[in-house]
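What the coordinates show
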Amino acid sequence: MMQIGVPRERWPGEARVALVPASVKKLIQVGFSVGIESGAGLASGFPDEAYTDVGAAVQVDRAAVLSGSDIVLRVRRPELDEVSTLRPEAIHISFLDPFNEKELVSEMAKSGVTSVSMEMIPRSTRAQKMDALSSQANLAGYVTVIQAAYHSKKIFPMMMTPSGTIRPARVFVIGAGVAGLQAIATAKRLGARVDAFDTRPVVAEQVRSLGAKFVEIDLGEVGQTEQGYAKALTPEQIELQKEGQKKVIAASDVVITTAQLFGRPAPRIVTGDMVLGMQTGSVVVDMAVETGGNVEGSVLNEIVDVEGVKIIGQGNLPSEVSRNASEMYSNNLTALIDEFWNAESKRLEFNPEDEIVQAAVITRGGKIVNDTIAQLHS
């Protein structure tokens, strides 16, 4: 019987948990045993009793959870000094940030750990149920709008009252990926007038289907990667984008930026003069603040006031709705385990020829086996 271990998250402000009780129940029914560190689910509304009720063993000793598990599941990457605690042939599955955590990846390889990076799950039909980046971005897009509505000096919907008509707030969403589309949908549900822009013209129809206006800016030749991410723009294209957005930003009550480049710093697309051009009381939410920020002046985990315009730079947005975020992430992990679980051998088997394995498994058998990450270490 393979042992799954779930340690409590130690990342500052992280409220999510890797497995929720409903998923634990499913995994135990399949044939796993599950150990979870005491308090791991408390911040998301899952007390220890909820885990013991479905058959999990709640453990106070964190080191025992890590060292006694064949599979370790968590949200955030492990601390460097905890890698040696893992079994040499253990499977570790989490967000790993492998492009930026070279020392951690090297240490996991040296320790013989098979590490799976949830950021690297490919965007394919088969892998959709395991796509944790998308599940968490979906919730993050919702949170950005709720934050903006809270801090805005205006209500979002149009209201016709005996005292006069209140015009709807204008919301401009930059980036129409998973997070951006959810932000558009949420702002529309709240009654706002929504404009949106993306460097990929292919998403224009999705934007319009949600009732928003797609802002047309001619950037020349653009497109998306095989995984569906926006391609990096040239410096000239970034300037064209800025110029095309300037008037829309000035007319907006809320601007939400979601532009991120996988494995690279976020592009700076909203400049200080654009912020100064907005009306007093307006709000800008920089969803990319954790990777450098789209907005000049945004600060991680702070709200900056620039002459009456608030720039919200909160990180870890999914953690703001940690119960649902935990449920969705837990479902992603459970789907991953189910996909590669061999019922006959009672083992989790990662076929090196499998496209998902090739994309998401970073270290295995003492080596860095992901080609892209291995090149960073050569």
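Residues numbered from 1 in each chain as written. Predicted model: local features only at pLDDT ≥ 70, side-chain atom pairs only at ≥ 80, totals over all residues. Heavy atoms only, no water.

1. Digging into the packing of helix H5 (residues 132-151) against helix H6 (residues 178-189)
The contact between H5 and H6 brings their axes to 7 Å, and the two run at 40°. One way to sum up the angle between H5 and H6 is to call them oblique. Seen from above, H5 lies across H6 with right-handed handedness. Taken together, the residues of H6 that come into contact with H5 (itself represented by Ser134, Ala137, Asn138, Gly141, Tyr142, Thr144, Val145 and Ile146) are Val178, Ala179, Gln182, Ala183, Thr186 and Ala187. Taken together, the residues that form the contact of H5 with H6 break down as 8 nonpolar, 6 polar and no charged. (Axes fitted to C-alpha atoms, helices over the stretch in contact; angles between N-to-C directions. Helix = DSSP H or I, 4+ residues; strand = E, 2+ residues; numbered from the N terminus. Parallel < 35°, antiparallel > 145°, perpendicular 65-115°, else oblique. Left-handed = near helix turned anticlockwise from the far one by under 90°. Contact = heavy atoms within 4.5 Å. Nonpolar A, V, L, I, M, F, W, Y, C, P; charged D, E, K, R; others polar.)

2. Quick notes on the environment of threonine 363
Tracing the backbone shows threonine 363 in strand E18 (residues 361-364). A polar side-chain atom of threonine 363 sits 2.8 Å from the main-chain carbonyl oxygen of valine 113. For threonine 363, the side chain forms a polar contact with the side chain of serine 115, separated by 2.6 Å. (Polar contact = N/O pair within 3.5 Å; in protein donor to acceptor, adjacent residues only side chain to side chain.)

3. A short note on the domain arrangement of the protein
In terms of domains, the protein is made up of domain 1 (3-117 + 322-369) and domain 2 (140-315). For domain 1 versus domain 2, the distance between C-alpha centres works out to 34 Å. (Domains from an automatic or database assignment.)

4. Concerning the packing of H5 against helix H10 (residues 322-340)
Helix-helix packing is characterised by the crossing angle of the two axes and by the distance between the axes. The N-to-C vectors of H5 and H10 enclose an angle of 165°; their axes lie 9 Å apart at closest approach. As far as their axial angle goes, H10 and H5 are roughly antiparallel. Judged by the twist between their axes, the crossing of H5 over H10 is right-handed. Contacts between H5 and H10 pair Ala132, Ser135, Gln136 and Leu139 from the former with Asn324, Ala325, Met328, Tyr329 and Asn332 from the latter.

5. Describing H6
The terminal C-alpha atoms of H6 lie 17 Å apart, and with 12 residues this matches the ideal 16 Å at 1.5 Å per residue to within 8%. Where burial is concerned, most of H6 is hidden: 9 out of the 12 residues are buried. Along H6, the residues that are buried comprise Ala179, Gly180, Leu181, Gln182, Ala183, Ile184, Ala185, Thr186 and Ala187. Those residues of H6 that are buried lie in contact with H5, strand E9 (170-174), strand E10 (193-197), helix H7 (204-209) and strand E12 (254-257). (Expected span 1.5 Å × (residues − 1). Buried < 20%, exposed > 50% of the residue type's maximum accessible area, 1.4 Å probe, protein only.)

6. Here we look at the side chain of glutamate 9
Mapping glutamate 9 onto the fold places it in the loop between strand E1 (3-6) and helix H1 (21-30). Comment: no salt bridge for buried glutamate 9; closest opposite-charge side chain is arginine 74, at 5.8 Å. Among the polar contacts made by the side chain of glutamate 9, one reaches the main-chain amide nitrogen of valine 75 at a distance of 2.7 Å. Of the polar contacts made by the side chain of glutamate 9, one reaches the backbone nitrogen of arginine 76; its length is 3.1 Å. (Lys, Arg positive; Asp, Glu negative; His and termini not counted. Salt bridge = Lys/Arg side-chain N within 4 Å of Asp/Glu carboxyl O.)

7. So, the nonpolar core
Counting 54 residues, the largest nonpolar core has Ile4, Ile71, Leu73, Ile93, Met118 and Leu348 as the members making the most contacts within it. Examining the composition of this core, we find that 6 residues originate from one element, H10, more than from any other. Every residue in contact with methionine 118, bar those within four places of it in the chain, is listed here: Ile93, Ser94, Phe95, Met130, Ala132, Tyr329, Asn332, Leu333 and Leu336. Formed by 24 residues, the second largest nonpolar core is a distinct cluster that contains Ala176, Leu181, Ile184 and Ala204. (Core = buried A, V, L, I, M, F, W, Y, C linked by side-chain atoms within 4.5 Å.)

8. Points about the pairing of strand E13 (residues 283-286)
Residues Val283 and Val285 line one face of E13 and the alternating positions Val284 and Asp286 line the opposite face, and both faces are buried. In the sheet, E12 pairs with E13 via 4 bridges, with the strands oriented parallel. Counterpart to isoleucine 256 in the pairing with E13 is valine 285. With 3 bridges joining them, E13 and strand E15 (residues 309-312) adopt parallel strand pairing. Bridge assignment links valine 284 to a residue of E15, and that residue is isoleucine 311. (Pairing = 2+ DSSP bridges.)

9. Focus on empty space enclosed by the protein
Summary: where empty space remains is shown by rolling a probe the size of a single water molecule over the atoms. Going through the model one piece at a time under the given rule, you end up with 1 cavity of 30 Å³ or more. Considering only enclosed or pocket space, the largest cavity measures out at about 30 Å³ in volume. The wall of the largest cavity is formed by Val116, Leu336, Phe340, Phe350, Ile356, Val357, Ala360 and Val361. When contributions to the lining of the largest cavity are tallied by element, the ones reaching two or more residues are H10 and helix H11 (355-360). With 3 residues, the single largest contributor to the lining of the largest cavity is H11. (1 Å grid on protein atoms, 1.4 Å probe; cavity = no way out; pocket = protein on both sides within 12 Å on 5 of 7 lines; lining within 4 Å. Points joined across faces, edges and corners; volume = space filled by probe spheres on them.)

10. Quick look at the sheet that holds strand E4 (residues 71-73)
Pairing within the open sheet is mixed, and its 8 strands lie in the order E3-E2-E1-E4-E5-E6-E18-E19. For this open sheet the edge positions go to strand E3 (57-59) and strand E19 (367-368), each flanked by a neighbour on one side alone. Here E18 pairs with E19 via 2 bridges, running antiparallel. Looking at E19, one finds that arginine 364 is bridged to lysine 367. Against the sheet, helix H4 (residues 102-110) engages strand E5 (91-94), strand E6 (114-117), E18 and E19, with an angle of about 45° to E18.

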